[in-house]
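Commentary on secondary and tertiary structure
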Amino acid sequence: MIIRLAAPEDIPAIMQLITAVVPVMQASGNFQWDSTYPNAKVFENDIALNQLWVADIEGEIGGVTAITTDQDTEYAEVGWDITETAIVTHRLAVSVNHRRQGIAEALLKQAEIVAQSRGIKILRIDTNSNNKATRLLFPKLGYEFAGEISLSFRPNLRFYCYEKLL
């Protein structure tokens, strides 16, 4: 597995991954994503900003995530100072064909590498309150639960926020 920056030619494979993942998420009660989000335009923008990473497994996209400094204003609701620069992981997804292979862990490790290379000591992430997999994964990787918020773009859902200090 190679963790690398995504390229525009990865978009079709990324969208195939998302199209397969969304129904699985929804079947488990997690309605964070749907047929409109995340979409190719969002990923194209991430690529243009050099913030979209993929797990490349022998030429196949096994996972994807955006590693950004974009903090939702609602993060302040859990007591975070959102004026502090933090590395924030968004749009983390693992292919249904590559689960339980350490891909999410590797992508989150890449967030740490990016943070260290930029001298940033704070890592933040949020997840739908119904996403059992990430609620177990984040604490396992040293992220601490910070609280619960709602996000304006998904008003009927609740999100758990996690932070890790390097």
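Because the structure is a prediction, the values reported are computed rather than measured.

Conventions used here
- Residues numbered from 1 in each chain as written.
- Predicted model: local features only at pLDDT ≥ 70, side-chain atom pairs only at ≥ 80, totals over all residues.
- Heavy atoms only, no water.
- Pairing = 2+ DSSP bridges.
- Helix = DSSP H or I, 4+ residues; strand = E, 2+ residues; numbered from the N terminus.
- Axes fitted to C-alpha atoms, helices over the stretch in contact; angles between N-to-C directions.
- Buried < 20%, exposed > 50% of the residue type's maximum accessible area, 1.4 Å probe, protein only.
- Arc of directions from axis to C-beta.
- Contact = heavy atoms within 4.5 Å.
- Polar contact = N/O pair within 3.5 Å; in protein donor to acceptor, adjacent residues only side chain to side chain.

Next up on the list: the sheet that holds strand S6 (residues 144-151). Strand order in the open sheet formed by 7 strands is S1-S2-S3-S4-S5-S7-S6, with mixed pairing between adjacent strands. Each edge of the open sheet is held by one strand with a lone partner, namely strand S1 (2-5) and S6. Pairs of neighbouring strands in the sheet enclose a mean axial angle of 30°, with direction left out of account. Sheet topology note: the strand S2 (residues 52-57)/strand S3 (residues 60-68) ladder contains 6 bridges and is antiparallel.

Bringing the pairing of strand S4 (residues 87-94) into the picture now. Burial analysis of S4 places 8 of its 8 residues in the buried class, which makes it a mostly covered element. In the sheet, S3 pairs with S4 via 5 bridges, with the strands oriented antiparallel. The residue bridging glycine 63 from the neighbouring strand is valine 94, located in S4. Examined bridge by bridge, S4 and strand S5 (residues 122-128) share 3 bridges and lie parallel to one another.

Take helix H2 (residues 40-48) next. Residues of H2 that are buried: Phe43, Asp46 and Ile47. The buried residues of H2 occupy one face: seen down the axis, they fall within an arc of 100°. Pointing more than 90 degrees away from the buried face of H2 are the exposed residues Lys41 and Ala48. Summarising the contacts, the buried residues of H2 are in contact with helix H1 (11-27), S2, S3 and S4. Residue asparagine 39 occupies the N-cap position of H2, its side-chain oxygen lying 3.1 Å from the main-chain nitrogen of lysine 41. Immediately downstream of H2, the backbone of asparagine 50 shows phi near 55°, a positive value.

For helix H4 (residues 132-140), the complete set of buried residues consists of Thr134, Leu137 and Phe138. Summarising the axial view, the buried residues of H4 lie within an arc of 95°, below the 170-degree limit, and thus occupy one face. Residues of H4 that are exposed and point more than 90 degrees away from the buried face comprise Lys132, Leu136 and Lys140. Where the residues of H4 are buried, they touch S4, helix H3 (103-118), S5 and strand S7 (154-165). The N-cap of H4, judged by a side-chain oxygen 3.3 Å from the amide nitrogen of alanine 133 a few residues on, is asparagine 131. At the exit of H4 stands glycine 142, carrying a positive phi of roughly 95°.

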